[in-house]
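# Structural overview
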Amino acid sequence: MRIVLIGPPGAGKGTQARLLAERLSIPAISTGDLFRTHVAQGTLLGREARKYMDAGALVPDEVTTTMTAERLAESDTDSGFLLDGFPRTVRQAELLRETLATQGADLDRVLAFDVPDDDVVRRLTARRVCGECGLVQHTDHVGSGKPSSCGGCGGTLQRRDDDREETVRKRLTVHTEQTVPLLDWYTTQGLLTRVNATGQVEQVTQRALAAVMRGSAD
Ligand code: ADP
Ligand code: AMP
């Protein structure tokens, strides 16, 4: 099963990618995580990508697609994958289709997560990521000054640099201008299913799984 998750920042793509990947036994691949690993390791790609990430902009298509194609060439993707945050432009989608076509493959389903902008801003200002295990969660202690600890491993929770409100607003504009056109592109190909991504995490997972199962029966 080859699945793509599209949605505004904070739609819950990463949260759902982890849960769906477990249930479908396929790897979840987040281009945001791949870039953050490069940034943390101080690679040339990381130094270049960071300029765009800090500004809330998209990293150029060719750089992003090359990095993703290299990840998709790894053998754990042979039985499928779940892409979280890629593609984000029509150009990236075209390049992905070309990459898959060289293996005689195509996507099975594209899920577009719908969440109102206000919810997204609220979710992202409360998002915290564990510095040790990487688990994404949210905190009820925003602004209290108290460090909160990871619900999974007890590690220290950190705020992403690009989750400040002004950068979040910029990322939402970028999503509307550069990623929303992709929805029509995938609709034309009969691959897109919209998923209501509000409500409890488990409810969203059930809706997403139902969409994947319906899609694969088409
Ligand atoms: P994305 O990968 O789309 O940017 P995340 O999965 O990181 O989004 O989720 C953004 C924030 O919203 C995180 O703090 C996460 O814990 C929280 N979150 C995810 N799903 C839900 C949900 N259904 N309801 C409320 N908060 C959620
Ligand atoms: P994310 O973790 O998905 O919110 O992505 C964080 C940041 O990484 C984005 O704001 C972009 O700067 C960059 N990024 C992630 N995925 C892509 C992509 N497909 N195309 C371009 N930039 C990306």
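So, a few notes on the structure that sits alongside this text. By convention here, each chain's residues receive numbers from 1 onward along its written sequence. All chains are assigned letters beginning with A, and all ligands numbers beginning with 1, in the order in which they are written. This being a predicted model, a pLDDT of at least 70 is required before a residue's local features are given, and a value of 80 or more before pairs of side-chain atoms are given or counted; all residues contribute to the totals for chains, interfaces and linings. With hydrogens and water stripped out, all remaining heavy atoms of the structure feed into the side-chain values.

### Examining the site of ligand 2
- The local shell around ligand 2 holds 16 residues, among which Thr-31, Arg-36, Ala-57, Gly-85 and Gln-92 are the closest.
- Here a nitrogen atom of ligand 2 sits 2.8 Å away from a polar atom, N or O, in the side chain of Thr-31.
- Residues adjacent in sequence count toward polar contacts only when both atoms are side-chain atoms; beyond that, a polar contact is any pair of N or O atoms within 3.5 Å, and within protein one must be able to donate a hydrogen and the other to accept it. Between ligand 2 and Arg-88 there is a distance of 2.9 Å, counted from a nitrogen atom to a side-chain nitrogen or oxygen.
- Sorting elements by how many residues they give to the shell around ligand 2 places helix H2 (residues 31-41) first, with four residues. Proximity criterion: a residue is near a molecule or strand once any of its heavy atoms comes within 4 Å of it. In DSSP terms, a helix is any run of H or I states spanning at least four residues, a strand is any run of E spanning at least two, and both are numbered starting from the N terminus.

### With respect to the site of ligand 1
- Taken together, 16 residues sit near ligand 1, with Gly-10, Gly-14, Thr-15, Arg-127 and Gly-199 positioned nearest.
- A distance of 2.6 Å separates an oxygen atom of ligand 1 from a polar atom in the side chain of Thr-15.
- Here a nitrogen atom of ligand 1 and a backbone polar atom of Gly-199 are 2.8 Å apart.
- Those elements giving two or more residues to the shell around ligand 1 turn out to be helix H1 (13-24) and strand E6 (136-138).

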